[in-house]
Amino acid sequence: MQLETILQAILLTADKTLSLEQLESYFTPEEGIPRAAIRTALQALSSACAGQSFELKETASGFRLQTRAAFQPWVQRHDDSRPPKYSRAFLETLALIAWRQPITRGEIEEVRGVAVNANVIKTLLERDWVRVIGHKEVPGRPEMLGTTRHFLDYFNLKSLGDLPSLVEMKDLDVDKLQLELLG
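Heads up: these notes are all about the structure in this document. (Residues numbered from 1 in each chain as written. Predicted model: local features only at pLDDT ≥ 70, side-chain atom pairs only at ≥ 80, totals over all residues. Heavy atoms only, no water.)

What to know about the environment of Leu 3
Mapping Leu 3 onto the fold places it in helix α1 (residues 3–13). As a C-alpha pair, Leu 3 and Ile 38 span 35 residues in sequence and 7.4 Å in three-dimensional space. Apart from residues lying up to four places away in sequence, Leu 3 is in contact with Phe 27, Ile 33, Ala 37, Ile 38 and Ala 41. (Helix = DSSP H or I, 4+ residues; strand = E, 2+ residues; numbered from the N terminus. Contact = heavy atoms within 4.5 Å.)

Here it is, written out as structure tokens:
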């Protein structure tokens, strides 16, 4: 069997993103599959996905096979659950944390000009998109928030460097972002 086909089978049946190390662990030492061969096979698999309804996506946590965004309207028809709808406050808070991390709740409130609803932060923490990464060395030692690997994975990002620039975000329509989040 070709290594590319074996990796495809592993990724198709995985319920999560798999790192290169995790993929390597699927092979016994006797099989003698080096990490470089796995990386080469993943590149070949990515090329083989061209023209298919799915793609190999590399995110911060590793690799996964996923449906291409162009097929979203049809794929969603067999999913009866309604995707969550995010408020403007939720999206603004998430954006501030992503672009200005580490950031405190007070700093978010200062930029937005309004208080941050505790439920927004709670939801971000529950979704594992945000985590407390420390405490600021000022009176009261407020929590500093930052994004997680799960945030990067959910938004198909390898790193925070893949985020669009603030100039690009300035022109982004919140309704358009909501549609992208649902996809």
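Still more to cover.
So, the pattern of salt bridges
Scanning the model with the defined rule gives 10 salt bridges in all. For Arg 35, the salt bridge goes to Glu 21, with nearest N and O atoms at 3.2 Å. Here Arg 35, found in helix α3 (residues 35–48), pairs with Glu 21, found in helix α2 (residues 20–24); they are 14 residues apart in sequence, far enough to count as distant. Among the residues examined, Arg 35 registers a relative accessible area of 34% and is labelled partly exposed. In this structure, Glu 109 engages Arg 105 in a salt bridge whose closest nitrogen and oxygen atoms are separated by 3.6 Å. Residue Glu 109 and its partner Arg 105 are both found in helix α6 (residues 105–112); the two are separated by four residues, about one turn of the helix. With a relative accessible area of 26%, Glu 109 lands in the partly exposed category. Residue Arg 105 is classed as partly exposed on the basis of its relative accessible area of 34%. Several salt bridges converge on common partners, so that one network encompasses Glu 21, Glu 24 and Arg 35. (Salt bridge = Lys/Arg side-chain N within 4 Å of Asp/Glu carboxyl O. Buried < 20%, exposed > 50% of the residue type's maximum accessible area, 1.4 Å probe, protein only.)

Observations regarding the environment of Leu 124
Relative to the helices and strands, Leu 124 resides in helix α7 (residues 118–126). Judged by its relative accessible area of 0%, Leu 124 falls in the buried class. For the pair formed by Leu 124 and Phe 90, sequence separation is 34 residues and the distance between their alpha carbons is 8.3 Å. Not counting chain neighbours up to four residues away, the residues in contact with Leu 124 comprise Phe 90, Thr 93, Leu 94, Ile 97, Trp 129 and Val 130.

Some words on the sheet that holds strand β4 (residues 130–135)
Taking strand neighbours across the sheet as the criterion, the three strands line up as β3-β5-β4 in an open arrangement whose pairing is antiparallel. The outermost strands of the open sheet, each flanked by one partner alone, are β3 (103–104) and β4. Its contacts with the sheet place helix α5 (residues 88–100) against β3, β4 and β5 (143–147), and it is angled at close to 90° to β5. (Pairing = 2+ DSSP bridges. Axes fitted to C-alpha atoms, helices over the stretch in contact; angles between N-to-C directions.)

Some remarks on the nonpolar core
Core analysis: the biggest nonpolar cluster contains 21 residues, and Phe 90, Ile 97, Ile 108, Leu 124, Trp 129, Val 130 and Phe 151 have the highest contact counts within it. Of all the secondary structure elements, the ones that give two or more residues to this core are α5, α7 and α8 (149–154). Here the element with the most residues in this core is α5; it accounts for six residues. Core analysis: the next-biggest nonpolar cluster, separate from the first, contains 16 residues, Leu 18, Leu 20, Ile 38 and Leu 56 among them. (Core = buried A, V, L, I, M, F, W, Y, C linked by side-chain atoms within 4.5 Å.)

Some words on the side chain of Asp 153
By secondary structure assignment, the location of Asp 153 is in helix α8. The side chain of Asp 153 sits in the buried core without any salt bridge; Arg 64 is the nearest counter-charge, 5.2 Å away. With residues near it in sequence (within four places) discarded, Asp 153 still touches Thr 17, Thr 59, Ala 60, Ser 61 and Arg 64. (Lys, Arg positive; Asp, Glu negative; His and termini not counted.)

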